[in-house]
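Each chain is listed here by its residues.
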Amino acid sequence: MAAATVQSATKRATRSIAYLGPAGTYGEQAASRFNIRLGGDLNLVPVPTIPSIYTHPADFLVLPLENTLHGAVLDTVDSLLTPLTPGTKTHPRAVADTALRIEHQLVARRGTTLAQVEFVRSHEQALGQSKAFLDEFLPHAKRVSWPSTAGAVQSILEDEDGAKGAAICSKAAYEQNRDKLDLLHAGTQGVKDNFTRFLLLTRLSGDELPEVALVPGTATGTVVSFFACDEPAQVGGLAADGIILSVHQRPAPPGTTDENGEPTPFPRWTLVETEDQRPDPDEKDRCGATCLGVFPTEKIMGPVAALPESDFGIDGPLYDFV
Ligand SMILES: O=C(O)C(=O)C[C@]1(C(=O)O)C=C[C@@H](O)C=C1
């Protein structure tokens, strides 16, 4: 009995959760939040790009899906649609989501002023969310897309002396290098209510999952499902079947044919999120579309505990989205 308890504790302790690294990204904050929700003993694994998170062998994966200001995170949508690739047998499934309030910081190496900045690096989402600010205050600075916000900070610290670069990042990324950086502007996204929604995916089977990641007893009815559609008719079928919450369409890989096997100039794959009245966590497909996951939203699960401020060194509660 005691041995079994030790064994299951050991098994839990070795479970991992992959997120967009390095430390200091918003993805790390989302992963920490999911970790708390899942019992707090996951090993957080930083991974350099979004596509490499999706293919990472970790038990759990954290992917940013969409943002209030800049819309879908294209690398994530493309990754979620890869199960449509012929020959794909298994894929991680979405089991939970969460939304973080996003407030970006413009930082530069100590001594660099706003007027001197020649280029700004960040994740394309952060650059997009900060477009109005950059247009107004740094119209001539080159915008350089980087795999992550915290990676962009790291890069400007590694640039040769005299480089006049800045990065857009989280407060956490600024705080962890505060002694080497100047904060040039707080809040480059320009609005207070700016959120990014993250998905939690898992490779674990239903009976391996901690209780809390399964559709929990607290769910009162509204559950969301994600589907990958390789034919427009499947989208229509899902729409006829229930309420559509979101639709993201992306170009399918070159060479993809239409439903008659004919080449098409605009091959399209579509990610559809539906509100579900008949949740079946083990559902594989519906209306011909591939089911990518079924779960309750955080609104149903209720607010999660806020992390201590000191974890990320920022002012005020980190997680106030309910
Ligand atoms: O680069 C990061 O810090 C990320 O976690 C990625 C990401 C994104 O892809 O949307 C997450 C939240 C913000 O919207 C900006 C960037």
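Quick caveat, the model's predicted, so the values are computed rather than measured.

Peer 1: Can you explain the site of the ligand? Please cite residues and give values.
Peer 2: In the vicinity of the ligand lie 13 residues, with Tyr26, Gly27, Gln129, Thr149 and Thr196 positioned nearest. Here an oxygen atom of the ligand sits 3.0 Å away from a polar atom, N or O, in the main chain of Tyr26. One nitrogen or oxygen atom from the main chain of Gly27 is found 2.8 Å from an oxygen atom belonging to the ligand. In the shell around the ligand, the residues fall into 5 nonpolar, 8 polar and no charged. Two domains each donate at least three residues to the shell around the ligand, and these are domain 1 (2-101 + 194-312) and domain 2 (105-186).

Peer 1: I'd like a rundown of the packing of aromatic side chains, residues and numbers included.
Peer 2: In the structure shown here, the tally under the stated rule is 2 aromatic pairs. Ring centres 5.0 Å apart and planes at 35° place the aromatic pair Phe133 and Phe137 in the tilted group. Taken together, the residues span about one helical turn, with Phe133 and Phe137 both in helix H6 (residues 131-137) at a distance of 4 residues. Note on Phe133: relative accessible area 7%, which makes it buried. Centroid distance Phe226 to Phe295: 6.0 Å. Interplanar angle 25°. Geometry classified as stacked. Placement of the pair is Phe226 in strand S12 (residues 223-229) and Phe295 in strand S16 (residues 289-296), with a sequence separation of 69 residues. Assessed through its relative accessible area of 2%, Phe226 is described here as buried.

Peer 1: How would you sum up the sheet that holds strand S6 (residues 105-109)? Please name residues and give values.
Peer 2: The mixed open sheet is built from 5 strands, whose spatial order is S8-S7-S9-S6-S10. Strands at the two margins of the open sheet, each flanked by one partner only, are strand S8 (142-145) and strand S10 (181-186). Looking at each pair of strands side by side, their axes are set apart by 30° on average, direction ignored.

Peer 1: I'd like to hear about the side chain of Thr270, residue by residue, with values.
Peer 2: For Thr270, the location among the structural elements is in strand S14 (residues 268-276). Here the side chain of Thr270 touches Gln249 through a polar contact of 3.3 Å, side chain to side chain. Once residues within four sequence positions are removed from consideration, Thr270 is found in contact with Leu81, Phe227, Ala228, Cys229, Val235, Val247, His248 and Gln249.

Peer 1: Tell me about empty space enclosed by the protein, and please be specific about residues and values.
Peer 2: In total, this model carries 2 cavities of 30 Å³ or more according to the counting rule given. The computed volume of the largest cavity comes to approximately 200 Å³. A per-element tally of the lining of the largest cavity places helix H5 (residues 124-129) first, with 3 residues. Broken down by class, the residue content of the lining of the largest cavity amounts to 7 nonpolar, 9 polar and no charged. The residues that make up the lining of the largest cavity include at least three from each of domain 1 (2-101 + 194-312) and domain 2 (105-186).

Peer 1: Provide a residue-level description of the layout of surface pockets, including the pertinent values.
Peer 2: When its volume is computed, the largest pocket comes out at roughly 450 Å³. Taken together, 23 residues make up the lining of the largest pocket; nearest its centre are Thr90, His91, Pro92, Arg93 and Lys284. Per-element tally for the lining of the largest pocket: the top contributor is S16, with 5 residues. The class makeup of the residues in the lining of the largest pocket is 8 nonpolar, 9 polar and 6 charged.

Peer 1: Please set out the environment of Pro139 residue by residue, giving values where relevant.
Peer 2: With respect to the element layout, Pro139 can be found in the loop between H6 and S8. On the basis of relative accessibility, which here comes to 46%, the residue Pro139 falls in the partly exposed class. Expressed as a C-alpha distance, the spacing of Pro139 and Glu118, which sit 21 residues apart in the sequence, is 9.8 Å.

Peer 1: How would you sum up the nonpolar core? Please name residues and give values.
Peer 2: By size, the foremost hydrophobic cluster in this structure holds 28 residues, and its most contacted members are Leu80, Leu201 and Leu271. Non-local contacts of Leu201, meaning those with residues more than four positions away in its chain, are made with Tyr54, Asp59, Phe60, Leu61, Leu63, Leu80, Pro92, Arg93 and Ala94. Formed by 18 residues, the second largest nonpolar core is a distinct cluster that contains Ile17, Phe60, Ala96 and Leu204.

Peer 1: Any details on the confidence of the model for the protein chain? Residues and values, ideally.
Peer 2: Summary statistics for the protein chain give a mean pLDDT of 86 and a share of 84% for residues scoring 70 or more. This model gives residues 215-221 a pLDDT under 50, and the stretch forms 13 contacts once residues within four places in sequence are excluded. Throughout residues 302-322 the model reports pLDDT below 50, and contacts reaching past four residues in sequence, or to other chains, amount to 35 contacts.

Reading the values: rules and limits
- Residues numbered from 1 in each chain as written.
- Predicted model: local features only at pLDDT ≥ 70, side-chain atom pairs only at ≥ 80, totals over all residues.
- Heavy atoms only, no water.
- Near = heavy atom within 4 Å.
- Polar contact = N/O pair within 3.5 Å; in protein donor to acceptor, adjacent residues only side chain to side chain.
- Nonpolar A, V, L, I, M, F, W, Y, C, P; charged D, E, K, R; others polar.
- Domains from an automatic or database assignment.
- Phe/Tyr/Trp six-rings, centres within 6.5 Å; stacked < 30°, edge-to-face > 60°.
- Helix = DSSP H or I, 4+ residues; strand = E, 2+ residues; numbered from the N terminus.
- Buried < 20%, exposed > 50% of the residue type's maximum accessible area, 1.4 Å probe, protein only.
- Pairing = 2+ DSSP bridges.
- Axes fitted to C-alpha atoms, helices over the stretch in contact; angles between N-to-C directions.
- Contact = heavy atoms within 4.5 Å.
- 1 Å grid on protein atoms, 1.4 Å probe; cavity = no way out; pocket = protein on both sides within 12 Å on 5 of 7 lines; lining within 4 Å.
- Points joined across faces, edges and corners; volume = space filled by probe spheres on them.
- Core = buried A, V, L, I, M, F, W, Y, C linked by side-chain atoms within 4.5 Å.
- pLDDT = per-residue confidence, 0-100.

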